[in-house]
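Structural characterization, general
Listed here are the chains, written in short residue letters.
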Amino acid sequence: MSKVGFVSLGCPKALVDSERILTQLRVDGYDIVNSYDGADVVVVNTCGFIDSARDESLVAIGEAINENGKVIVTGCLGVYEDQIRAAHPGVLSVTGPQQYEQVVAAVHQHAPKPAHDPYTDLVPEQGIKLTPRHYAYLKISEGCNHKCSFCIIPSMRGRLVSRAIDDVMREAEALARSGVKELLVISQDTSAYGSDIKYQSGDWHGQAYDSSFMDLCRALGELGIWVRLHYVYPYPHVDKIIPLMNEGKLLPYLDVPFQHGSPRILKLMRRPAAAEDTLQRINAWREICPDITIRSTFIVGFPGESEEDFDELLGFLDEAQLDRVGCFKYSNVDGARANELPDAVAEKVKEARWQRFMEKQNQISAQKLENKVGKTLEVLIDEINENEAIGRSHADAPEIDGQVIIENTDGLKPGDQVKVLIEASGDYDLWGKVVA
């Protein structure tokens, strides 16, 4: 069993941070020891509030390095990483206060995580999940650096904080080993992953990967299970992962919150991409991966939205030909900058525009589904009812997209992956029979 030494300095808040880190390490199977020589790695939770506390922390780090040699530093002094590394260049990792996941990830990296024992461990290797056994959500970061005028996520959850790629991949691999057939990658801004930690390098199965969107997709694509990407902003570097979809490494599915089709409204929303660039990008994606499914969300009735702006949005739908779309009527959110914008749109107008929007998109979506009749699709079974099985194809995320309804349920169970011949379509769903 791997052993971790721990030095906790500073105030009661720092003590609680230490308790949280130690609790997670114990859950992960590590033995906590009170000596340097018996530890595989030592964590020093520092204090940096006043000069004397900083000095004490630097002395404690030096002592741990001299006595053990493998030291991970966290806590308040961690915000002065340059100062720490100048005094002690041999430290393995430096993080600031309340960065529990990063500390645990550093321990995992430098002291191998003990093997999971299903007979003695209180928590399963993949953690406690509220989703069905065959799919799971994989959160790769917290927070967001955008300042969209209708959103308060940055004020609620803070700026972007990405997990190190080796930490993400350990969780992903544990989920795959536990029987998960589909990973749904989530964050507030998936395509910005790693930018806050300067795309720091990590190791997974002896190979170096950067904590970047591209390398994360490459690594996840090696797991051999469905990988579905959500909340992807249409940055230029997203183009680079489309070939992985065409090769079958990732599901050919992108969830991209476009929000509007009028450049003027997008500017008022403070969105990071222009509509005309987005249309070009969509066309480029389809050239590389013709089977790609693109889902998005939009807002109608945003303050200042004119009839001309709304017509531009409908024109965007015509050109983009998106597969799956959700639409919301704008409403004020406490603390959002958009609340202060002039020319609020009347509720009756919002409702009328929403109806027109949905009518147009339903026609597009229905035609997209009708084009699948006669084709054979791979389907992941979610549930079995009395007379039918409910599943999803590559084009369907759970809870938000359509379903594939199958009549011949003999021998099927949730989590099965089967080939289904599509025989009929509706506005949202497909119907078919198992053929293999």
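Here, the structure is the one placed above.
Quick caveat, the model's predicted, so the values are computed rather than measured.

The rules behind the values
- Residues numbered from 1 in each chain as written.
- Predicted model: local features only at pLDDT ≥ 70, side-chain atom pairs only at ≥ 80, totals over all residues.
- Heavy atoms only, no water.
- Patch = residues over 30% accessible without salt bridge, like charges linked within 9 Å, V, L, I, M, F, W, Y side chains within 5 Å.
- Areas by Shrake-Rupley, 256 points an atom, 1.4 Å probe, with all protein chains shown as cover.
- Salt bridge = Lys/Arg side-chain N within 4 Å of Asp/Glu carboxyl O.
- Lys, Arg positive; Asp, Glu negative; His and termini not counted.
- Charge placed at Lys NZ, Arg CZ, Asp CG, Glu CD.
- Helix = DSSP H or I, 4+ residues; strand = E, 2+ residues; numbered from the N terminus.
- Buried < 20%, exposed > 50% of the residue type's maximum accessible area, 1.4 Å probe, protein only.
- Pairing = 2+ DSSP bridges.
- 1 Å grid on protein atoms, 1.4 Å probe; cavity = no way out; pocket = protein on both sides within 12 Å on 5 of 7 lines; lining within 4 Å.
- Points joined across faces, edges and corners; volume = space filled by probe spheres on them.
- Nonpolar A, V, L, I, M, F, W, Y, C, P; charged D, E, K, R; others polar.
- Core = buried A, V, L, I, M, F, W, Y, C linked by side-chain atoms within 4.5 Å.
- Contact = heavy atoms within 4.5 Å.

**Considerations on a positive patch on the surface**
Taken together, Lys-147, Arg-159, Arg-270 and Arg-337 make up a surface patch of like positive charges. Within the secondary structure layout, Arg-270 lies in the loop between α9 (263-269) and α10 (275-288). Judged by its relative accessible area of 43%, Arg-270 falls in the partly exposed class.

**Brief notes about the pairing of strand β3 (residues 41-46)**
Across the six residues that make up β3, a large majority, six, are buried. Burial along β3 is two-sided: the residues Val-41, Val-43 and Asn-45 and Val-42, Val-44 and Thr-46 are all buried. Pairing of strand β1 (residues 3-8) with β3 involves five bridges; the strand directions are parallel. Considered in β3, the bridge of Phe-6 is made with Val-43. Bridge count between β3 and strand β4 (residues 71-75): five bridges; the pairing is parallel.

**A few points about empty space enclosed by the protein**
Considering all chains together, one arrives at three cavities of 30 Å³ or more under this definition. The calculated volume of the second largest cavity comes to roughly 50 Å³. Forming the walls of the second largest cavity are Thr-293, Asp-323, Arg-324, Ser-365, Lys-368, Leu-369, Lys-372 and Ala-395. No other element matches helix α12 (residues 347-370), which puts three residues into the lining of the second largest cavity. Its residues assigned to classes, the lining of the second largest cavity comprises two nonpolar, two polar and four charged.

**Let's talk about the nonpolar core**
Counting residues in each nonpolar core, the largest one holds 65 residues, and the members touching the most others are Leu-220, Leu-229, Ile-241, Leu-254 and Phe-357. Dropping the residues within four chain positions of it, Leu-220 is found in contact with Leu-138, Met-169, Ala-172, Leu-183, Val-185 and Val-227.

**Remarks on unusual backbone geometry**
Working note: non-glycine residues mostly have negative phi, and peptide bonds are mostly trans. You will see that Tyr-199, though not glycine, has its phi angle at about 55°, which is positive. At Gln-259, a position not held by glycine, the phi torsion is positive, near 75°. Considering the arrangement of structural elements, one finds Gln-259 in the loop between β13 (253-255) and α9.

Geometry only, nothing functional implied.
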